[in-house]
Each structure stands twice: as C-alpha cells, then as structure tokens.
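So you can see what is in the structure, the chains are spelled out below.
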Amino acid sequence: MGQPASPFKPAAISLPLPKLQKYIYMVQNTSNKSSENTDSLLCAITLSLAATHWLPLLFRSLAGNSCFSTMKRRAHMDGDVTITGFFPLNTFVIDHSNSHVSSQEEHTPFVFKNYQFVLALAFAIEEINKNPDFLSNWTLGFDVYDVQFRDWTMLKNPFIWFYGKYKIPNYSCMRDSRSIAVLTGPLGFTSQKIGTLLGLYRFPQLSFGPFSHALSDHHKFPALYQMAPKDTSIAKAMVSLLLHFNWNWVGLLNLEDENGLWSLAELKEEMAKNRVCVAYELEISSQSISHVLQSMAVYNDINKSSANVHLIHGDNDSLIPLIVFIEQLLIKGKVCIMNSQWDFTMKRKYFMVGSLHIPLIFLHHHKDVSGFSDFVKAVNPSKYPEDIFLARIWFLSFNCSNPQSDCVTWDNCPHDASLGWLPGRVFDMTMSGHSYNIYNAVYAVAKALHEMLLHQTELQIMGNRKGTTLSPAQLLHFLKNIQFHNSVGQHVILDEKKKLEPDYDILNIWNFPEGLELEVRVGKFSPNALHGNQLFLSEDMVEWAIGNSETPRSVCSEPCGPGFRKSPQEGKAACCFNCTPCPQNEIANMTEMEHCVKCADHQYANTQRNQCLLRDESFLAFGDPLGMALTCMALCFSVLTAVVLGIFVKHQDTAIVKANNRTLSYILLISLIFCFLCSLLFIGRPNTVTCILQQITFGLVFTVAVSTVLAKTVIVVLAFKSISPGRTMRGLLVSGAPNLIIPICTLIQVTLCGLWLRTSPPFVDTDAHSEHGHIIILCNKGSLTAFYCVLGYLGSLALVSFTVAFLARNLPDTFNEAKFLTFSMLVFCSVWLTFLPVYHSAKGKVMVAVEVFSILASGAGLLGCIFVPKCYNILLMPNRNSLHGFREKRQHSRKN
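Residues numbered from 1 in each chain as written. Predicted model: local features only at pLDDT ≥ 70, side-chain atom pairs only at ≥ 80, totals over all residues. Heavy atoms only, no water.

Asker: Explain the environment of Thr 196 to me, please; I cannot follow it from the model alone.
Answerer: Position of Thr 196 among the secondary structure elements: in helix α7 (residues 188-200). Sequence-wise, Thr 196 and Pro 222 are 26 residues apart; in three dimensions their C-alpha atoms are separated by 9.2 Å. (Helix = DSSP H or I, 4+ residues; strand = E, 2+ residues; numbered from the N terminus.)

This is the structure we're talking about:
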C-alpha cells in the first residue's frame, strides 16, 4: 500500500488588533527608513508575533475532536515502578476571545518532533525489561504528561500528578503511585520550575535538556541531575571554526539568561585570546517578544555591519522568536553558527521566503543506538493503547477519522501505517540529542534502582527483614555515584564534576534544490585531540548561499599581505587596521604581521619587503676598474720614483745632486717609493694585518718624507745664514744637526702609532647600511682620536716645512731648492686639507679610494715639485749641472 498524502494545513491565527497596533507604533518610532523598509518591518512583526503565539513547527489542530476527551491526557505503560516524564508535546495558543481555558485545551497544536522523547523513553524501558540481568523480577513502566510553555500552566500537570486531582499542596492523594523518578526538559526553565517542587520532597529528577549552570546549584535543586555533558569546549569549538575560515569579525546574539551570560563570557574570552573581534552584540530575552521587537531598532546596524558571521548561543525553543527575526530582517548570505539544532527545515513553508542564511550547527556527538529506528517504525496505537499522543499522530497523519463521527476509527487507517511514512522534515527517525539523553537517563535510573534492590536484599538476608520498599528518596542516594557505559560504548556520568568534555558534530543544512532540507554532518570537533587536530571539516560538503560557491568572508579589514604590517585604527577594534609598508631593510614574509622583522646585517630586504636576500660583499678590489686604476697609478709612481733615484745615483757627483744634500734626497726618494707602495695595502679584501699596516705604514713613511723635506729646508736656511759673521750657524751646519730632524720626528710618530695600537688598533669591520644590497668590508680605524693625531702630526710637520721653505724662497743661489720645497709643501697641505671633508662625505669603497688617491696625489706632489726640475737640468740642461758652467754664466752676466 502506498504512502498516503498528508494534508498539512496551518490553523488560523487570531491576534488582537490593539496589541498589533502597539507593536507597529513601536517600530515606526524606532525606524527612520523608507516606507519600503517599514513595510518589511511590519511584515516581519506580524510573522514574529505569529511565531511567538503559534510556534513554527509542523502540527495539526484538533479542534472539534471531542473523542480524545475520553482518554487520559498522558502516555502510559504499566510496570512495577514507573518513570514519569514531563515533555512539551503540545503548544498552547491563547484565544483572547474565549475566556474558557478548558475549551482552549482542545485547540492545542501537537509538536510532532517532540514525540520522539516518548519513544526514546519507551525504547529504553523495553530494552531494560527484556534484559534478565536488570532489576530481577521488577519491571519498569512510564507515565508521560504534556507540559506547557507558559508559567501559569507549566505546573498544572506536575501538580495533578504529584498531589492528586484535588491539587492540595503538601497533601498527596496518590498513595498507590509507583513513580520513582521524573524526566524533564528540554527547556531549562521547565526543569527549573518543576525542580523547585520536586526538590522539596527530594524526588529524583533528571533533566535531558542542554546543560544549564542555573540547574547546577544543588542547594536550590538537591534532587536534580543533568544528563547532558557540560559545554566547556563549545566556545573553543566555535572559535576554532572561525579561525579555520579566517573569520575575525563576527556578531554575537545571545539569550539574556544565566546560561547565556555564562557562555557569553567564555566565548568573549576565547575570541579575545585568538584575536577575533565582536562587531556588535545583541542580547535577546527569552521571556518576551517585546525584546525582539526592540532589537528591530538596531537591525539596520546589523545589516550595515561588514560582519557576515553571527554566533548564536541558546536553546532551541527559547530562540524561536529570534529565528523569525533573523529570517525576515537580515540580509542574504549571513552565516549563523549555533549551538542548538533549530528547526530550519520545519518552518520554511510558513514564511513568505525561504531561508537566506547558512547555518552551521554544533551538536553533541553520539553514536546511533542500535534498533531505535526499527522500534519507531513498529510503533502503532494498538501497541500502546494508553498513549493519547500516539493516537493524535495517527489521527492527524493517516486520515483515520470517521465521516459519520468525530472520533478516531482505527479501521479507517492504513494497516501498515508507520511513523516511517512521515517526511524527515516532519518526524526524524534517527535519535536526536535530547532523546539520547532520555535513553541514558532511563538506564541511569535502572542502574541505581538495581543497586538499591541489591542493597535491600543484602539487608533482608542479614536482618531477616521481609518485603522490599522502594522510595524516591532512597533512589536519590544511589543515583549520585552512578556511572556506566551505555550500549554504544559511551561513558555516562551523572556527577557534574566528573563529566567528560564532549565531542561536537558540525551540521550544515542542504536546501538545494529547494525543499531538500537535509541535515548533513560536515565536520567534527574533538577537544581531547592533539592541538591542531581538534577540528575536522569537509569544506567541499558545506553548502553556502545558493548561487555562491565561495566561502563567505567576514573581516573588518582585509589581511595585510607580505611586505606590510598592521597599523591599528584609532578608536576601533583590534581587527580593524590599516596596512603600512615595512621600513627600509625590514620585511614581513607572512600575512597579518603586526611588526616587520629586521634583516640581519649580512642580508637586505628586497623591493617587495617580503624576503631577506644575502648581501654581496663590497670592497675596493684589485679587479675593480677603480682599484685597477689606483694600482696602476701607485706602481707607475713607484717606478717613476725609482727611476729618479737611479738618475740621482748615476749623477751623484754633479753639482745639483751634491748641492741639495745627496743623502737627504736619497732618503726622500726611498720614502716616496714606500709612500706609493703603501697605498696598495688599501686595495683588496681587508684583513687584520692589512688594516694595521695601512695606517701605521702610511703614518711612518709620510713622516719620514715630510721630516726629510723639513731637514732639507733647514739645511738651506743654515747654509745661507752660515755666510753671515758668527760661528753658530756654521757650527750647526758642519755638525750635521739638521739630519737629526728625521729620526726625532719619526720617533715621535712611532710613539703615537704605538699608543694607537695599544689602546684601540684598527680592525676589520662591515657596513651594511651605506649601499643597498651590499655589505661593505672595510677597516675600522679603531680610535679616531689616534688616527687624527697621526694625521695632525703629519700636517704640523708639513706646515712647519712650508713656513720655513716659504721664508727661504728668495735666498740668492743657483742651486737653492727652497722654492721647490715651498710648492711641494703647498701641494701636500692642499691635498690633505681637501681630503678631510671629501673623506667624511664618501661611503664604502669610494671612501677608501679617496684615501688612496690622497696618498698618491700628495706623494706625486712631492716628487713632481722637488725632483722633476732637477731631473730636467740633469738630463736636458747639463751645462747647468756643473760648477764651470755656473761660473761662465755668472761672468757673462757681469759683463752685460
């Protein structure tokens, strides 16, 4: 027989016009937008109010069905002891036009999905009753009552069950009650209200809803145990998902209750730890729709926000008004990350548009309980004749009504009808998380009851007691320490302090093509796994917005790429920043870097500022064009000086050579050769030896050269002064005292160089800043003071020599070289005075080249000014290089 069509049609909703006008007035005063937006708001208000008074779930109205009034409003299965369940199986719609509440009870829409709670309870009890190792000869049964959402009707059925039909507090008329424990949930405030009553009598209560911190207070709820694991890792799980997709700019929507505040604090702490920022924060009250309407005043801010991801924390039913609000007012493409399995698939047909948002839902991971689906398929009203809720499902789903009667006629139902015929969007055949907690709760009660029976049996044997009495207060003592492994191998612990951190499944809703509405597990979060392996996600299985295959982005500022660092924007969250290029010689080789990293001294940053490259060594090498030119100049001047020395040696007996103190000329020429050659120490890769020899050799050989020039100048002066009367000048000249100038001046320079080497000698150094991409290898002077002392001493000698020679320039004599000495010292001083500013403004090997050029130029000045004229006379004017020629010239001048 085929599957019958099920005509689901929503019942009419009756809303008081004054209340609707009040909400419209509220929104009109909080919105300054266009009329088009106002119309959208009014539409959303109407739908939100409808969702609040009439939950957007698949149900059918039973108006006009009076036959059900003859049945007890419960689901019952007989047993020696029973477990009572208070489940929200009906939603209660208040008709303000009817003041008779009793008549309104016939208009209670039935919540199909919640009936699985009853089936989970029945399934677990039947498993236990079939197990011979449990409870000996005792059997379990159950009683299930509906519990309303509203405060004033919530305790109605618990009062009737606990105190009897007369509802007299502190007096129980149900002496034959065999109930041993109570199951409540899934809403926390339902368990809280009933728990206040049960706690007075220490009646065991097990809550199967989400773990609530409000219910953890054992002073207020001494008899209450929570079956759900603690969500100690939900904040870490949600933030891990944000980090996986690089979402760091999110909105927070949270319930304004104790649980919400607790989870919000943990979530904010975890977000701050991982640098995820809050774009906006919206707290929703679970008590009144007016809070949702007030939040409409800020919906424009939510839509204008660049945050495309919302973290929504709360239980399923409390946030139904918020579902409507999000569905109707938020713009397309938002991602909603939730900790509760909302009924997205079951509400869409009741709204004008389908879901525009992408839900990613975190649920506690649990394995499928074997046999549950088969059990659900086999359930029918004949199997459970005392279950009014199952009878309602059959009546509403399988057209079981009699046309001549308002009562249910089972003969009109398909004989093979099954809950498996219902669409998945209406009734889920797989065990939900809440049903799984009910399953574990029943086994926990059975385990505790089993231990209590064994304990009483032992007492009977030891004390010869007769009979076994079971009381809820006794059971409470045994429940405290219950822990066991259930049929799927999960460790169940009732003690909150010992509960293990749960794993989470990540669900995504597939709705393409439209109407598929399939819940798909796309990932898992395991808090006990190794760091980095806690989150597993199949991105290719996630269905984003229809028509968009790319992962949505949710950032305040686009990530800074390599080569840039983050600069905070003043007055904004840490996730809002500007991207600033890295400074010179600093890099950022990754995205989202807050600080650039400086390259090492032997490296430099490339143009993109994202990589450090090795610097090329730079120094004045012999192979460089500049080095080759200076080397050639030094060698040429050295050879030229040696040639001049050879000429002087060859013509050592001539008048010019002898008249200008032949020995001093030899010393000066030899020192000039060393001056030119010492410049080669500055060329090539520096090392410790060459760095020391550079400055010491330069200082000493130039001291010898300049002091020799000074000695020659002094001798010229003494030679002319010795002609005058008196023996003093002649005695100094004959004694050779001027020749002592050279060793004395040299000794002073040796002393200065010795102090230099002792205090702070030159050493090999590097300069990584003067030339981009190069590291300059150079000789550090060590002590600049010592260097300038050596150079200053040379300058002083040159200045004295220049002064003495300048004073003796006009002394009459054919062989007087005072003029040449004056010009040589003038060139020498000019070169080194020019050297100082140029040297300090140059960088790298150019600075070395300047020093080498100054050495060569000053040496060439001495050679050219002093010896070139003499060589000219010796080689080209030999008649001037003899005493006879000098006398003939003098006589010829007198005749004229």
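Still more to cover.
Asker: What exactly am I supposed to notice about the pattern of salt bridges here?
Answerer: Should the charged atoms of two oppositely charged side chains come close, the side chains can pair. Counted under the stated rule, the structure contains 13 salt bridges. The partner of Asp 624 in a salt bridge is Lys 845, and the shortest N-O contact between them spans 3.3 Å. Here the residue Asp 624 occupies a position in the loop between β23 (616-618) and α18 (625-650), and Lys 845 occupies one in helix α26 (residues 845-876), the gap between them amounting to 221 residues. For Lys 845, a relative accessible area of 28% translates into the label partly exposed. (Salt bridge = Lys/Arg side-chain N within 4 Å of Asp/Glu carboxyl O. Buried < 20%, exposed > 50% of the residue type's maximum accessible area, 1.4 Å probe, protein only.)

Asker: Even after reading the chapter, I still don't get the sheet that holds β23, so can you show me in this structure?
Answerer: Strand pairing within a sheet occurs via backbone hydrogen bonds; the two strands may be parallel or antiparallel. Read from one edge of the open sheet, three strands run β23-β25-β24, paired in mixed fashion. Both edges of this open sheet fall to β23 and β24 (763-767), since each of them pairs with a single strand only. Mean inter-strand twist for the sheet, computed between neighbouring axes without regard to direction, equals 30 degrees. Relative to strand β25 (residues 774-780), β24 is paired through five bridges, and the arrangement is antiparallel. Within β25, the position partnered with Thr 766 by the bridge is Ile 777. (Pairing = 2+ DSSP bridges. Axes fitted to C-alpha atoms, helices over the stretch in contact; angles between N-to-C directions.)

Asker: I keep staring at the side chain of Arg 74 and nothing clicks. Help me out?
Answerer: Along the chain, the position of Arg 74 falls in the loop between α2 (35-53) and β1 (75-77). A polar contact is formed between the side chain of Arg 74 and the side chain of Asp 143, at a distance of 3.1 Å. In this view, Arg 74 contacts Asp 143, Val 144, Tyr 145, Glu 386, Asp 387, Ile 388 and Phe 389; residues no more than four positions away in its chain are not counted. (Polar contact = N/O pair within 3.5 Å; in protein donor to acceptor, adjacent residues only side chain to side chain. Contact = heavy atoms within 4.5 Å.)

Asker: What is the right way to look at the pairing of strand β7 (residues 249-255) in this model?
Answerer: For a regular strand, side chains alternate in direction, first toward one face of the sheet and then toward the other. Most of β7 sits out of view: seven of its seven residues are buried. Burial along β7 is two-sided: Trp 249, Gly 251, Leu 253 and Leu 255 facing one way and Val 250, Leu 252 and Asn 254 facing the other are all buried. With five bridges connecting them, β7 and strand β9 (residues 309-313) associate as parallel partners. By the bridge assignment for β9, Val 250 is matched with Val 309.

Asker: When you look at a nonpolar patch on the surface in this model, what are you seeing that I'm missing?
Answerer: Taken together, the side chains of Val 639, Leu 640 and Val 643 present a nonpolar region at the surface, about 250 Å² in accessible area. As for its placement among the helices and strands, Val 643 is situated in helix α18. (Patch = residues over 30% accessible without salt bridge, like charges linked within 9 Å, V, L, I, M, F, W, Y side chains within 5 Å. Areas by Shrake-Rupley, 256 points an atom, 1.4 Å probe, with all protein chains shown as cover.)

Asker: Would you mind showing me how to read helix α25 (residues 818-841) here?
Answerer: Residues spaced three or four apart along an α-helix face the same direction, because each turn holds 3.6 residues. Compared with an ideal rise of 1.5 Å per residue, which puts 24 residues at 34 Å, α25 spans 35 Å between its outermost C-alpha atoms and is within 8% of the ideal. A bend of about 30 degrees at Phe 835 is the largest found in α25, and the proline Pro 837 appears one to four places after it. Looking at α25, one finds that the buried residues are Ala 818, Leu 821, Thr 822, Ser 824, Met 825, Phe 828, Cys 829, Val 831, Trp 832, Phe 835 and Tyr 839. (Expected span 1.5 Å × (residues − 1). Bend = angle between axes of the 7 residues up to and from the residue.)

Asker: Just checking my understanding: could you explain the confidence of the model for the protein chain for this structure?
Answerer: The predicted coordinates of low-pLDDT regions are not to be read in fine detail. The predicted model of the protein chain has a mean per-residue pLDDT of 77, with 72% of residues at 70 or higher. Confidence over residues 344-356 falls short of pLDDT 50; this stretch has 43 contacts with residues more than four positions distant or in other chains. (pLDDT = per-residue confidence, 0-100.)

Asker: Please explain the state of the cysteines as it appears in this structure.
Answerer: What we call a disulfide is simply a covalent bond connecting the sulfur atoms of a pair of cysteines. The tally for this structure, following the rule as stated, stands at six disulfides. At a sulfur-sulfur separation of 2.0 Å, the disulfide partner of Cys 560 is Cys 579. Here the disulfide of Cys 560 and Cys 579 is left-handed, its torsion about the S-S bond being about -95 degrees. Taken together, the positions of Cys 560 in the loop between β16 (535-537) and β17 (564-568) and Cys 579 in strand β18 (residues 577-581) put the pair 19 residues apart, joining distant regions of the chain. (Disulfide = S-S within 2.5 Å.)

Asker: Explanation requested: the side chain of Ser 854 in the structure shown.
Answerer: Tracing the sequence through the fold places Ser 854 in helix α26. Residue classification places Ser 854 among the buried positions, given a relative accessible area of 4%. Within the local environment of Ser 854, its side chain forms a polar contact with the backbone oxygen of Val 850, the two atoms lying 2.8 Å apart. Beyond its immediate stretch of four places on either side in the chain, Ser 854 contacts Val 831, Trp 832 and Phe 835.

Asker: Looking at this structure, I do not really get empty space enclosed by the protein. What am I missing?
Answerer: Vacant regions in the atomic arrangement are exposed by a probe of water-molecule size rolled over the atoms. Counted by the stated rule, this structure contains eight cavities of 30 Å³ or more. Here the largest cavity is characterised by a volume of approximately 160 Å³. Of all elements in the fold, only α21 (688-721), β25 and α26 reach the threshold of two or more residues within the lining of the largest cavity. (1 Å grid on protein atoms, 1.4 Å probe; cavity = no way out; pocket = protein on both sides within 12 Å on 5 of 7 lines; lining within 4 Å. Points joined across faces, edges and corners; volume = space filled by probe spheres on them.)

Asker: Explanation requested: the sheet that holds strand β6 (residues 224-226) in the structure shown.
Answerer: Ordered by their spatial adjacency, six strands build an open sheet running β1-β3-β2-β4-β5-β6, and the pairing between neighbours is mixed. The sheet terminates laterally at β1 and β6, the two strands that pair on one side only. Along the sheet, successive strands turn relative to each other by an average axial angle of 20 degrees, direction set aside. When strand β5 (residues 205-207) meets β6, the two strands line up parallel, connected through three bridges. From the neighbouring strand, Leu 206 faces β6, where its bridge partner is Tyr 225. Sitting on the sheet, α7 is in contact with β2 (81-87), β4 (179-184), β5 and β6, with an inclination near 170 degrees to β5. Strands β4, β5 and β6 of the sheet are contacted by helix α17 (residues 472-479), whose axis makes an angle of about 60 degrees with β4.

Asker: Got a minute to help me understand the environment of Ile 656 in this structure?
Answerer: The residue Ile 656 is located in helix α19 (residues 655-659) in this model. Residues Ile 656 and Asn 873, spaced 217 residues apart in sequence, show a C-alpha to C-alpha distance of 8.4 Å.

Asker: Would you take a moment to explain the packing of helix α24 (residues 784-807) against α25 for this structure?
Answerer: Between two packed helices, what matters for the description is the angle formed by their axes and the separation of those axes. Between α24 and α25, the least distance of the axes is 8 Å, while the angle of their chain directions is 150 degrees. Comparing their axes, α25 and α24 come out roughly antiparallel. Crossing handedness for the pair α24 and α25: left-handed. Residues Tyr 788, Leu 791, Leu 794, Ala 798, Leu 799, Ser 801, Phe 802, Ala 805 and Phe 806 of α24 form the contact with α25, whose participating residues are Ala 818, Leu 821, Thr 822, Met 825, Leu 826, Phe 828, Cys 829, Trp 832, Phe 835, Leu 836 and His 840. Residues belonging to the contact of α24 with α25 are distributed by class as follows: 17 nonpolar, three polar and no charged. (Parallel < 35°, antiparallel > 145°, perpendicular 65-115°, else oblique. Left-handed = near helix turned anticlockwise from the far one by under 90°. Nonpolar A, V, L, I, M, F, W, Y, C, P; charged D, E, K, R; others polar.)

Asker: Please explain the nonpolar core as it appears in this structure.
Answerer: With 78 residues, the main nonpolar core has Phe 87, Leu 121 and Leu 206 as its most contacted residues. Top element by residues in this core is helix α16 (residues 433-463). It accounts for 13 residues. With near-sequence residues (within four places) excluded, Leu 121 lies in contact with Ile 83, Phe 87, Phe 142, Val 144, Leu 183, Ile 438 and Val 442. Grouped together as the second largest cluster of nonpolar side chains are 67 residues, Val 706, Tyr 793, Leu 821 and Phe 828 included. (Core = buried A, V, L, I, M, F, W, Y, C linked by side-chain atoms within 4.5 Å.)

Asker: Would you take a moment to explain the packing of α18 against α26 for this structure?
Answerer: Close contact between α18 and α26 brings their axes to 10 Å; oriented N to C, the two are set at 30 degrees. The angle between α18 and α26 places the two elements in the roughly parallel class. In this structure, α18 meets α26 at a crossing whose hand is left-handed. Only Ala 849, Val 852, Phe 853, Leu 856, Ala 860, Leu 863, Phe 867, Lys 870, Cys 871, Ile 874 and Leu 875 of α26 make contact with α18, whose side of the interface consists of Leu 626, Leu 630, Met 633, Ala 634, Phe 637, Leu 640, Thr 641, Val 644, Ile 647 and Phe 648. Grouping the amino acids of the contact of α18 with α26 by side-chain chemistry returns 19 nonpolar, one polar and one charged.

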